[in-house]
Amino acid sequence: MLKTIVFDQLKQAMKNKDTLAKGVLTLVKSALDSAEKEKGSELTPLEETAIINREIKQTNQSLDGAKQADRADLIEKEEAKLEILKSFLPKQLSEEEIVVELQAAGIVTGMNMGDAMKIAKPLLDGKADGATISKVVKSLIS
């Protein structure tokens, strides 16, 4: 279970006095705990992955803001956070692997974007991020 792994790494980060890792892991643990409390039962691996993906998306937005502000210190910090967060995700599919999966699922040229995403999203949930899925679907249907 991801929550146990996060907690173990958090303890290790505290022992090592790694403030960045400690902050990121505390954030992840808190998000997992609150989602579990809200649900009223243990989270499934897919739900845990969704929470990690949400944190990655927020960190990417912060990274974009830091790049626009040309803040090298923040850019370095946000990239380090991304590395930690991505370590909790299962192996992500490459764009080529996504194309193969989507073609096998019946996504073809001329298909409506909404319909294609309804097929693609559940099929690839946790295996690839939404932006990559969307990009590949657009290329396949156009």
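Parameters and conventions
Residues numbered from 1 in each chain as written. Predicted model: local features only at pLDDT ≥ 70, side-chain atom pairs only at ≥ 80, totals over all residues. Heavy atoms only, no water. Core = buried A, V, L, I, M, F, W, Y, C linked by side-chain atoms within 4.5 Å. Buried < 20%, exposed > 50% of the residue type's maximum accessible area, 1.4 Å probe, protein only. Helix = DSSP H or I, 4+ residues; strand = E, 2+ residues; numbered from the N terminus. Contact = heavy atoms within 4.5 Å. Axes fitted to C-alpha atoms, helices over the stretch in contact; angles between N-to-C directions. Parallel < 35°, antiparallel > 145°, perpendicular 65-115°, else oblique. Left-handed = near helix turned anticlockwise from the far one by under 90°. Nonpolar A, V, L, I, M, F, W, Y, C, P; charged D, E, K, R; others polar. pLDDT = per-residue confidence, 0-100.

**Here's the deal with the nonpolar core**
Point 1. Ranked by internal contacts, the top residues of the largest apolar core, which has 22 residues, are Val6, Leu25, Val28, Leu32, Ile52 and Phe88.
Point 2. At the level of secondary structure, the elements contributing two or more residues to this core comprise α1 (2-15), α2 (19-39), α3 (45-68) and α4 (72-86).
Point 3. Considering each element in turn, this core owes the most residues, six residues, to α2.
Point 4. What Phe88 contacts, discounting residues up to four positions off in sequence, is Leu2, Ile5, Val6, Gln9, Leu25 and Ile52.
Point 5. Grouped together as the second largest cluster of nonpolar side chains are 13 residues, Ile107, Ala120, Ala128 and Leu140 included.

**Let's talk about the packing of helix α5 (residues 95-104) against helix α7 (residues 130-141)**
Point 1. Between α5 and α7, the shortest axis-to-axis distance is 10 Å and the interhelical angle comes to 60°. In terms of their interaxial angle, α5 and α7 are classed as oblique. The hand of the α5/α7 crossing is right-handed. Here α5 contributes Glu95, Ile98, Val99, Leu102 and Gln103 to the contact with α7, which in turn contributes Thr132, Lys135, Val136, Val137 and Leu140.
Point 2. Residues of the contact of α5 with α7, tallied by class, amount to six nonpolar, two polar and two charged.

**Here we look at the confidence of the model for the protein**
Point 1. Overall, the prediction assigns the protein a mean pLDDT of 89, with 100% of residues at 70 or greater.
Point 2. Highest mean pLDDT in the protein belongs to α2 (93); lowest belongs to helix α6 (residues 113-124) (85).

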